[in-house]
Every structure is written in C-alpha cells, then in structure tokens.
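Chains, contacts and geometry: an overview
Here is what each chain is made of, one letter per residue.
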Amino acid sequence: LSSRFGSAVLDRIDQALGDLPEMLTPFAPPTALEERLDWGAPVGRWELLVEAVRRTATRFCEELSRRVAAVREAFVTFECPGVVTDAGTQTRRVTLDVVLSRPTRSAKHLLGLLKVRLEGLQLPAPAEAVTVWARRVEPFDDPQTELFNTETVDARALGDLLDRLTLRLGAAAVARATPVSDHQPERA
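Below you will find a few notes about this structure. Residue positions within a chain follow its written sequence, with the count starting from 1. Totals for whole chains, interfaces and linings use every residue, but because this is a predicted model, local features are given only for residues with pLDDT of at least 70 and side-chain atom pairs only at 80 or more, for both listing and counting. Here the side-chain values reflect all heavy atoms present in the structure, with hydrogen atoms and water set aside.

Below, the discussion takes up the packing of helix α3 (residues 46–67) against helix α4 (residues 107–118). Lines fitted to C-alpha atoms define the axes here, with helix axes fitted over just the stretch in contact, and angles between the N-to-C directions of these axes take values from 0 to 180 degrees. A run of H or I in DSSP becomes a helix once it reaches four residues, and a run of E becomes a strand once it reaches two; helices and strands are each numbered from the N terminus. The geometry of α3 relative to α4 is characterised by a closest axis approach of 10 Å and an angle of 150° between their N-to-C directions. It follows that α3 is roughly antiparallel to α4 by the angle criterion. Viewed along their axes, α3 and α4 form a crossing whose handedness is right-handed. Where α3 approaches α4, its residues W46, V50, V53, R54, A57, T58, F60 and C61 are matched on the opposing element by A107, L110, L111, L114, K115 and L118. Lys, Arg, Asp and Glu make up the charged group, whereas Ala, Val, Leu, Ile, Met, Phe, Trp, Tyr, Cys and Pro make up the nonpolar group; the residues left over, Gly among them, are polar. Here the contact of α3 with α4 is built from residues that sort into eleven nonpolar, one polar and two charged. Under this scheme an angle from 65 to 115 degrees is roughly perpendicular, one under 35 degrees roughly parallel, and one over 145 degrees roughly antiparallel; angles in between are oblique. For any helix crossing, the convention is left-handed if the near helix is rotated counterclockwise from the far helix by under a right angle, and right-handed if that rotation is clockwise. Contact between two residues is taken to exist if any of their heavy atoms lie within 4.5 Å; hydrogens are not considered.

Put into structure tokens, the structure is as follows:
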C-alpha cells in the first residue's frame, strides 16, 4: 500500500486502529461577525438608509441566532464614494457604534437602538453600501420562557431602558444604584 498510495494511507490506518495518536483540533466559530448590503447606485435618502440598516441588522441577528450567540457592541458602517484620484476612487467610511448593557441578538432591540444613532447621521456623500458588524460574538442561550405569567420583573426591560437612555444621554449621564452593606445600627 505504501508503494502505491504513499505512507499517509498507512498512517491513517494506524490512527483508525488506535496504534498511532491523532491530534484533533475542535471547531471554534469565528469571534467576529459581519453582514453587508451593497446596492447599485449611491443612496442618500434617510428612509432608504434606515431600510438598508433594518435588512442588514435582521440578517445579522439571524446569523447570531444560528450561532446561538449574542453581542454587547455592534457597529454600522456606511461606505461613501470619495474623491477620485490617480490611484482610483477613495472610499470614505462612516461608522456608528451601539454599546449594549447586556448581550442581545434581538433584531427589534438592536434596530431600535440603531435608529436612534441614525437620527443625527450626516454622511459626506451618498452611501454605496452598509455593513452591520461586531468585533466579538459571545455564546448566549435565551432564558426559558414561562408557561404562565407569574408577574416577575423582566430584566430585559430594564436593560433595554438603560440602552436607550445611554444612547440619548450619554454613558456618563446614566448611573444605576446598587445596594451596599452598611453595618451601622443607626441606619438599620
């Protein structure tokens, strides 16, 4: 066999029988994620840009669901054609970021936050493409839903409120009270 097929076949047979060790590397999904939408002509209308971001963010969140993952920070990049030089056309990129208080893969929540960021958007030129991306994706299992409504406070509602306030007011303006143990009898 080795003269006809080479020594690799004999090594594989020995590995299959357990006579030769085989190093296996487990699959590790990539930690970054990117969804891109290109359109044929430059677009400058706000409604079309928001629709493009909606479609791209929906595909982005669907991929997060397939990976059973979530993001704490997401970015939207608009690619605008720039100045034509001898080397070619230089593309200018405008990037907006959304920092989340807790991991999410909800397209509705992410799109609501992105719309807030898009309100003050000033592009240098009409955009040719939009990309929704994240540097880091982390594993995330959705909490199990309850069969009956037990009137428990949903932590997601507080997280969503914190995200919206942080985008509108800034991270320095939003604070959260946390209890601290204090063993003074007069404050009992």
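If you trace the backbone, L167 turns up in helix α5 (residues 155–169). Taking C-alpha positions, L167 is 8.3 Å from V99, a pair spaced 68 residues apart along the chain. Contact partners of L167, with chain neighbours within four places excluded, come to V98, L113, V116 and R117.

This paragraph deals with the pattern of salt bridges. Two side chains with opposite charge may pair up if their charged atoms get near one another. Here, a salt bridge means any Lys or Arg side-chain nitrogen found within 4 Å of an Asp or Glu carboxyl oxygen. In total, this model carries 14 salt bridges according to the counting rule given. The shortest N-O distance in the salt bridge between R45 and E47 comes to 3.5 Å. Relative accessibility thresholds used throughout: buried, under 20% of the residue-type maximum; exposed, over 50%; partly exposed, between the two (1.4 Å probe, protein chains only). The class of E47 is partly exposed, set by a relative accessible area of 48%. Of the charged contacts in the structure, one is a salt bridge between R136 and E138, with a shortest N-O distance of 3.6 Å. When its relative accessible area of 13% is taken as the criterion, E138 is described as buried.

So, about the pairing of strand β4 (residues 127–134). Looking down a regular strand, the side chains alternate between one sheet face and the other. Across the eight residues of β4, six count as buried, placing the element largely inside the fold. Pairing between strands is defined by DSSP: at least two bridges between the two strands are required. Strand direction decides the pairing type here: strand β1 (residues 33–43) and β4, joined by seven bridges, are antiparallel. Its bridge partner being in β4, R36 is matched across the sheet by T131.

Distances and angles like these do not, on their own, reveal function.
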